[in-house]
Amino acid sequence: GMIRKTEREVVQRPQPSNPFEWIGDKLDQARDWVVEESKETIRLHKADYWWVPHFIETAIDSYELTGDARDKDLARRLSEGLWGPYYYWWFNTFNDDLGWFMLAQLRAFEVTKDRFWLDDAKKLHARIREDLDDTYGGGVWWKRDGTRFKNVPINAPFVIGSMKLFRHTGEPHHRTDALDVYAWMER
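Every value quoted in this text rests on a predicted model; they were computed, and no experiment measured them.

Chemist: Can you walk me through the pattern of salt bridges in this structure?
Modeler: Working definition: two side chains of opposite charge can pair if their charged atoms are close together. Enumeration over the complete set of coordinates arrives at 14 salt bridges. The closest approach of N and O atoms between Arg115 and Asp119, which form a salt bridge, is 3.7 Å. Here the residue Arg115 and the residue Asp119 both occupy positions in helix α5 (residues 115-129), the gap between them amounting to 4 residues, near one helical turn. In this structure Arg115 comes out as partly exposed when scored by relative accessible area, which is 46%. Judged by its relative accessible area of 33%, Asp119 is partly exposed.

Chemist: Would you take a moment to explain unusual backbone geometry for this structure?
Modeler: Excluding glycine, residues mostly have negative phi values, and the peptide bonds linking residues are mostly trans. In this model, Lys113 sits at a positive phi of 65°, which is unusual for a non-glycine residue. In this structure, Tyr136 takes a positive phi of about 65° despite not being glycine. Its location among the elements puts Tyr136 in the loop between α5 and α6 (152-169).

Chemist: I keep staring at the packing of aromatic side chains and nothing clicks. Help me out?
Modeler: Each aromatic ring pair is summarised here by two numbers: the centre-to-centre distance and the angle between the ring planes. Tallied over the full model, the rule gives 5 aromatic pairs. Looking at Arg76, its charged tip hangs above the ring of Phe116, at a distance of 3.5 Å from the centre. A cation over a ring is seen here: Lys150 above Trp141, with NZ or CZ 4.7 Å from the ring centre.

Conventions adopted
Residues numbered from 1 in each chain as written. Predicted model: local features only at pLDDT ≥ 70, side-chain atom pairs only at ≥ 80, totals over all residues. Heavy atoms only, no water. Salt bridge = Lys/Arg side-chain N within 4 Å of Asp/Glu carboxyl O. Helix = DSSP H or I, 4+ residues; strand = E, 2+ residues; numbered from the N terminus. Buried < 20%, exposed > 50% of the residue type's maximum accessible area, 1.4 Å probe, protein only. Phe/Tyr/Trp six-rings, centres within 6.5 Å; stacked < 30°, edge-to-face > 60°. Lys NZ or Arg CZ within 6 Å of the ring centre and 35° of its normal.

Structure representation (structure tokens):
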């Protein structure tokens, strides 16, 4: 891959030869995009919202493989950036973006067992769930800004996240949500 250091200078990275190197390379790219917000939060320069949950998952993958606490810290600070001062998740009208964020939080919980991640995933699920209704027979709306359609990019992550939440919390409404939306998608 390439990293742009300035508008004119491009640095070539060697191609990774194994999954550990590949993940490390992706994290190096993410770190090159990091903009400090505060001691607790960071954001990615010029990154769309939905990129950040994917970088969180990459950092968690690296943490799982290496145990390097810096990777876990990177994931946590990226997550705080989504909640906090730059991305303002509650103003994001795309439910699919929140769905990717929910899945990243769940992945982080599964690896770290830190309830911080699970509690955040539950908040995101509750917000997305507000846009679940019976219009067109069921499903979650893609956006909350008046764009009125339902699609796989929100409904599939909602199903996956709902089942993971059920597995981790035992709360029956998560299982019901997953099964209902999955059945609607099949229909």
